[in-house]
Amino acid sequence: MWMDTFQSFLSIALELTILFVVISFVINLLQTYIPYEKVEKYLGGKNKGIGALFALLFAFVTPFCSCSTIPVVVNMLKKKMPFSIVMVFLFSSPVLDPTIITIMGVLLGWKVTILYTIITAVFSVIIGFALEALGFEKSVKNVVMSGYQEETKKFDVKVALLETMNLMRSVYPYLLLGAAIGAVIHGLVPTNWIANTFGSDNWWIVPIAAVVGIPLYIRLSSMIPISQVLIAKGMALGPVMALMISSAGASLPEVVLLKSIFKKELVIMFVLSVITMSTISGFIFYLV
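Cut-offs applied
- Residues numbered from 1 in each chain as written.
- Predicted model: local features only at pLDDT ≥ 70, side-chain atom pairs only at ≥ 80, totals over all residues.
- Heavy atoms only, no water.
- Helix = DSSP H or I, 4+ residues; strand = E, 2+ residues; numbered from the N terminus.
- Buried < 20%, exposed > 50% of the residue type's maximum accessible area, 1.4 Å probe, protein only.
- Polar contact = N/O pair within 3.5 Å; in protein donor to acceptor, adjacent residues only side chain to side chain.
- Contact = heavy atoms within 4.5 Å.
- Salt bridge = Lys/Arg side-chain N within 4 Å of Asp/Glu carboxyl O.
- Phe/Tyr/Trp six-rings, centres within 6.5 Å; stacked < 30°, edge-to-face > 60°.
- Patch = residues over 30% accessible without salt bridge, like charges linked within 9 Å, V, L, I, M, F, W, Y side chains within 5 Å.
- Areas by Shrake-Rupley, 256 points an atom, 1.4 Å probe, with all protein chains shown as cover.
- Lys, Arg positive; Asp, Glu negative; His and termini not counted.
- Charge placed at Lys NZ, Arg CZ, Asp CG, Glu CD.
- Axes fitted to C-alpha atoms, helices over the stretch in contact; angles between N-to-C directions.
- Left-handed = near helix turned anticlockwise from the far one by under 90°.

(A) Representation of the side chain of Ser 92 in the model. Looking at where Ser 92 falls in the secondary structure, it is placed in helix α5 (residues 83–92). Look at Ser 92 and you get buried, because its relative accessible area is 0%. Only 2.7 Å separates the side chain of Ser 92 from the backbone oxygen of Val 88, close enough to count as a polar contact. Non-local contacts of Ser 92, meaning those with residues more than four positions away in its chain, are made with Ala 55, Leu 56, Ala 59 and Ser 124.

Take a look at the structure:
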């Protein structure tokens with residue numbers, strides 16, 4: 001049994017490694033053609049609809065986890081960008097990672113991946129504009145940011161390779177952690193137990209998964225291989241996606257960081273918004 005688990009880990013880890021290196025390298029090369037100055041101009045423009053679209057684009061081309069998003073959010077607030085646009089970026093950036101989404105497409109299928117991308121993008125926009133409409137802009141503290149510098153990225157093959165290696169150092173351990181957990185689930189956890197406990201008949205697992213995901217702080221890069229195994233074992237797609245979105249969209253370290261720039265009521269609303277987005281998204285996937 002342990003040998004089967006180890007072989008499963010090697011298989012998952014090898015597949016993830018090849019996908020991660022190839023996809024990251026290609027995306028780093030493609031970033032050469034992204035006009036960041038124009039993106040920033042549209043983010044702070046008067047047309048908030050266009051601003052929201054560019055916030056999603058900016059979130060997609062900046063592969064940040066929930067914690068590393070915070071310095072960018074502070075910089076956007078410092079530049080007096082519309083609050084709703086900043087919130088769209090805050091909610092969408094951790095869940096719209098181009099490398100991980102591509103890997104998700106290969107491992108979980110493109111139908112699931114496209115639906116995931118659309119749902120998280122739409123909810124990010126809705127929540128961003130709703131928070132502004134409800135007056136939560138007043139709950140932003142005056143924060144002086146230090147230690148953050150914007151970079152103008154000009155990639156060639158050599159630089160793209162270097163960026164890929166840097167990304168591997170920060171993200172790859174989480175991919176291996178997810179592969180290890182997935183291998184253990186594959187080898188040691190009975191299929192019937194997962195199917196009966198977390199199967200399609202138990203709809204109430206969705207909101208529980210959405211709440212549980214936040215304190216777990218399982219990065220999206222770790223959740224992909226775990227999700228692949230759980231779904232293969234018979235777990236319903238709804239709770240898997242709810243867990244994935246909540247764990248990527250908010251985490252305890254991020255909440256602590258947000259307390260330094262947001263007042264308590266906005267921090268609470270942020271957490272509730274992530275749970276709501278995760279739960280509703282889970283139910284949508286539940287019906288797929």
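Moving on, there is more to tell.
(B) Just the pattern of salt bridges, in detail. Considering all chains together, one arrives at one salt bridge under this definition. Two residues, Lys 48 and Glu 132, come together in a salt bridge whose shortest N-O distance is 2.7 Å. Of this pair, Lys 48 sits in helix α3 (residues 48–61) while Glu 132 is found in helix α7 (residues 110–133), placing the two residues 84 residues apart along the sequence.

(C) Spotlight on the packing of aromatic side chains. Taken as a whole and assessed by the stated rule, the structure comprises three aromatic pairs. Aromatic pair Phe 91 and Phe 270: ring centres 5.1 Å apart, planes at 40°, arrangement tilted. Here the residue Phe 91 occupies a position in helix α5, and Phe 270 occupies one in helix α14 (residues 264–286), the gap between them amounting to 179 residues. When its relative accessible area of 1% is taken as the criterion, Phe 91 is described as buried.

(D) Geometry of a positive patch on the surface. A grouping of Lys 141, Lys 259, Lys 263 and Lys 264 is seen on the molecular surface, where their side chains present a positively charged patch. Structurally, the position occupied by Lys 259 is in the loop between α13 (252–258) and α14.

(E) A look at a nonpolar patch on the surface. A cluster of nonpolar side chains, namely Val 106, Trp 110, Ile 114, Ile 118, Val 122 and Ile 126, defines an oily patch on the protein surface of about 570 Å² accessible area. When residues of the nonpolar patch are assigned to their parent elements, the largest contribution, five residues, is made by α7. Position of Ile 118 relative to the elements: it lies in helix α7.

(F) Main features of the packing of α7 against α14. Direction vectors running N to C along α7 and α14 enclose 145°, while the axes themselves pass 10 Å from each other. Considering how the two elements wind past one another, α7 and α14 form a crossing that is right-handed. For the pair α7 and α14, contact is made by Val 112, Leu 115, Tyr 116, Ile 119, Thr 120, Phe 123, Ser 124, Ile 127 and Leu 131 and by Leu 266, Met 269, Ser 273, Met 277, Ile 280, Ser 281, Ile 284 and Phe 285, respectively.

Everything listed here is a matter of coordinates, which is why it stays silent on function.
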